[in-house]
Amino acid sequence: MTRITVGTGDLRAALLSVKPHTAAPSDASTPLEWIHCRVEGNNLLVMATDRYSAGLAIVSVLENDDQAGVPFELSRQEVAELLLAFKPGKGDLDASVRIEQKSPDGDLTVTDVSGLWPGKSIAYPRSSGGDDDFPDLALVFAGLVEEPVAATVDEFIVAGQRLAAFKAASSAYSKPLVLEPRGRSLIISAGDSFLGFLAPITESDEDRTQRHGWRADWRRRLARA
């Protein structure tokens with residue numbers, strides 16, 4: 001059983017920041033198309049990855065009626081509906097929602113509990129997003145943050161579209177992005193509640209030679225400017 005209460009704004013920021021890292025929908029749904037959530041201590045971990053980039057955000061748990069907690073998943077469509085339905089009013093720092101799921105295959109219910117009595121509620125039947133095949137991102141990040149920061153990095157080649165996916169985290173938390181080369185990955189953080197990673201593109205020898213030629217061309221152009 002899961003029955004937790006979290007801040008509405010806190011949950012929204014987490015969902016917004018990790019949503020761009022879900023895999024694109026396919027004919028056969030896979031665990032990578034879902035946002036995965038689980039309670040760890042006093043936090044709700046909110047995670048998504050498409051194998052090439054990933055986002056991990058934490059949401060403070062205000063109340064927890066079942067310390068064990070059942071992990072649960074949210075589809076992209078469900079996240080869009082939740083973001084539309086639950087918005088704290090301007091200056092309403094106490095807005096909160098209760099998330100309930102009595103069993104792994106039971107309905108997932110989200111209810112506005114900001115006032116004296118529960119308000120708006122949305123229930124999602126669980127056809128199963130499939131948590132078994134989803135990577136343990138918390139464990140992956142635990143290993144990455146222990147890697148020493150590279151003292152010098154000559155080149156780090158990434159896809160622009162994947163790098164742009166991290167703009168959502170910067171906007172959600174109103175914090176700049178911090179990029180740190182760790183091992184063969186790039187760790188990207190926004191404030192104290194979001195971590196992400198981005199895998200580099202592997203170049204062929206031909207592409208590398210061509211790119212170095214482009215750089216030489218720029219040196220010649222700028223030398224004449």
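Heads up: the structure comes first, above all this text.
Residues numbered from 1 in each chain as written. Predicted model: local features only at pLDDT ≥ 70, side-chain atom pairs only at ≥ 80, totals over all residues. Heavy atoms only, no water.

Student: Looking at this structure, how should I read the overall build of the protein?
Tutor: Per the secondary structure count, the protein includes six helices and 11 strands. With the principal axes as the frame, the protein shows a C-alpha extent of 70 × 40 × 35 Å. Counting all 225 residues of the protein, 39% fall into the buried class. Long-range pairs, those at least 24 residues apart, make up 65% of the contacts in the protein with a sequence separation of at least 6. Looking at the protein as shown, the accessible area adds up to about 12900 Å², and 52% of this sits on carbon and sulfur atoms. The averaged location of the 32 negative side-chain charges in the protein is 10 Å from the averaged location of its 24 positive side-chain charges. (Helix = DSSP H or I, 4+ residues; strand = E, 2+ residues; numbered from the N terminus. Buried < 20%, exposed > 50% of the residue type's maximum accessible area, 1.4 Å probe, protein only. Contact = heavy atoms within 4.5 Å. Areas by Shrake-Rupley, 256 points an atom, 1.4 Å probe, with all protein chains shown as cover. Lys, Arg positive; Asp, Glu negative; His and termini not counted. Charge placed at Lys NZ, Arg CZ, Asp CG, Glu CD.)

Student: So what exactly am I meant to see when it comes to helix α3 (residues 137–146) here?
Tutor: An α-helical turn contains 3.6 residues, so any two residues separated by three or four positions project in the same direction. The complete set of buried residues in α3 reads Leu137, Phe141 and Leu144. Buried positions in α3, seen along its axis, are confined to an arc of 60 degrees and lie on one side of it. Turned more than 90 degrees away from the buried face of α3 sit Leu139 and Glu146, all of them exposed. Buried residues along α3 sit against β3 (43–49), β4 (53–64), β9 (177–182), β10 (185–190) and β11 (194–198). (Arc of directions from axis to C-beta.)

Student: What should I look at first to understand the pairing of strand β1 (residues 2–7) in this one?
Tutor: Along a regular strand, successive side chains alternate from one face of the sheet to the other. The element β1 is extensively covered by neighbouring structure, given that five of its six residues are classed as buried. In the sheet, β1 pairs with strand β6 (residues 96–101) via six bridges, with the strands oriented antiparallel. For Gly7, the partnering residue across the bridge sits in β6 and is Ser96. Both β1 and β4 contribute to a ladder of three bridges, which runs antiparallel. For Thr5, the partnering residue across the bridge sits in β4 and is Glu63. (Pairing = 2+ DSSP bridges.)

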